[in-house]
Amino acid sequence: MKVDIPSYSSLPPRQRRAVAAILSVIGAVAYVASMQTAGEARARLRAEVATLKIQSARLDRQAAEYERLRAAKSVVPGIDDLRAFLVARAEASGISTARIRLEPEGAGRMRVTADDVSFAGWLAWLGDLKAHQVNVESCRVEALSNPGQVAITAVLVRPESR
């Protein structure tokens, strides 16, 4: 069975107008649908751009803070100042300074010996020292029979003296 489809020009004027009207309606519906989809995409992109602007501003602030901290000169204490600094930070971390001995080992290096200190206090002290740019070069920790107490031998160093 063969279906013969007439050409547009062979249609009577009334049918041509009907076909033109149908094609116009289909075109209008397609246009409205595409505009609605584009509007939804535009709104979604606006929200994403706002989020990206906030993230960009935060990264700019962090970069500026990083550069400020990097450019800041750290105060390098002398041996006596380093000793006083270590004692003060030990007390702030809950370590009894009567239990620790500090012996200078050259420029910017200090040997710390403690026979009976709290391990939690020791870790808090190390964290505090790291925040103040004093590093651990070597460390030996020995557990004692008393729970939570340890014996420590460590060498603390300022970064500039390495």
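My aim in this report is to walk through the structure given alongside it, one point at a time. As the structure is a computational prediction, the values presented were derived from the model and not from experiment.

Right, let's get into the side chain of Gln149. Residue position: Gln149 is located in strand β4 (residues 149-157). Looking at Gln149, its side chain comes within polar contact range of the side chain of Asp116, at 3.0 Å. Residues in contact with Gln149, not counting those within four places in the same chain, are Asp116, Val117, Ser118, Ala143 and Leu144.

Another aspect to go through is the nonpolar core. Counting residues in each nonpolar core, the largest one holds 19 residues, and the members touching the most others are Leu86, Ile100, Val117, Trp122, Trp125, Ile152 and Leu156. Within the residue set of this core, elements represented by two or more residues are α2 (79-92), β1 (100-104), β2 (109-118), α3 (119-131) and β4. When sequence neighbours within four positions are dropped, the list of residues in contact with Ile100 reads Ala90, Ile95, Thr113, Ala114, Val117 and Trp125.

Reading across from one edge, β1-β2-β4-β3 is the order of the 4 strands in this open sheet, with antiparallel pairing throughout. A strand with exactly one partner marks an edge of an open sheet, and here the two such strands are β1 and β3 (135-143). Shown here is a sheet whose adjacent strand axes are inclined to one another by a mean of 10 degrees, direction ignored. Judged from the 8 bridges that link them, β2 and β4 form a sheet pairing that is antiparallel. In the sheet register, Val112 faces β4, and the bridge partner there is Ala154. Packed on one face of the sheet, α3 meets β1, β2, β3 and β4 and runs near 155 degrees to β2.

Another aspect to go through is the pairing of β3. For β3 and β4, the ladder comprises 8 bridges, and the chain directions are antiparallel. Looking at β4, one finds that Cys139 is bridged to Ala154. Between β3 and β4, which follow one another and run antiparallel, lie 5 residues, and Gly148 among them has a positive phi close to 85 degrees.

Rules of the game
Residues numbered from 1 in each chain as written. Predicted model: local features only at pLDDT ≥ 70, side-chain atom pairs only at ≥ 80, totals over all residues. Heavy atoms only, no water. Helix = DSSP H or I, 4+ residues; strand = E, 2+ residues; numbered from the N terminus. Polar contact = N/O pair within 3.5 Å; in protein donor to acceptor, adjacent residues only side chain to side chain. Contact = heavy atoms within 4.5 Å. Core = buried A, V, L, I, M, F, W, Y, C linked by side-chain atoms within 4.5 Å. Buried < 20%, exposed > 50% of the residue type's maximum accessible area, 1.4 Å probe, protein only. Pairing = 2+ DSSP bridges. Axes fitted to C-alpha atoms, helices over the stretch in contact; angles between N-to-C directions.

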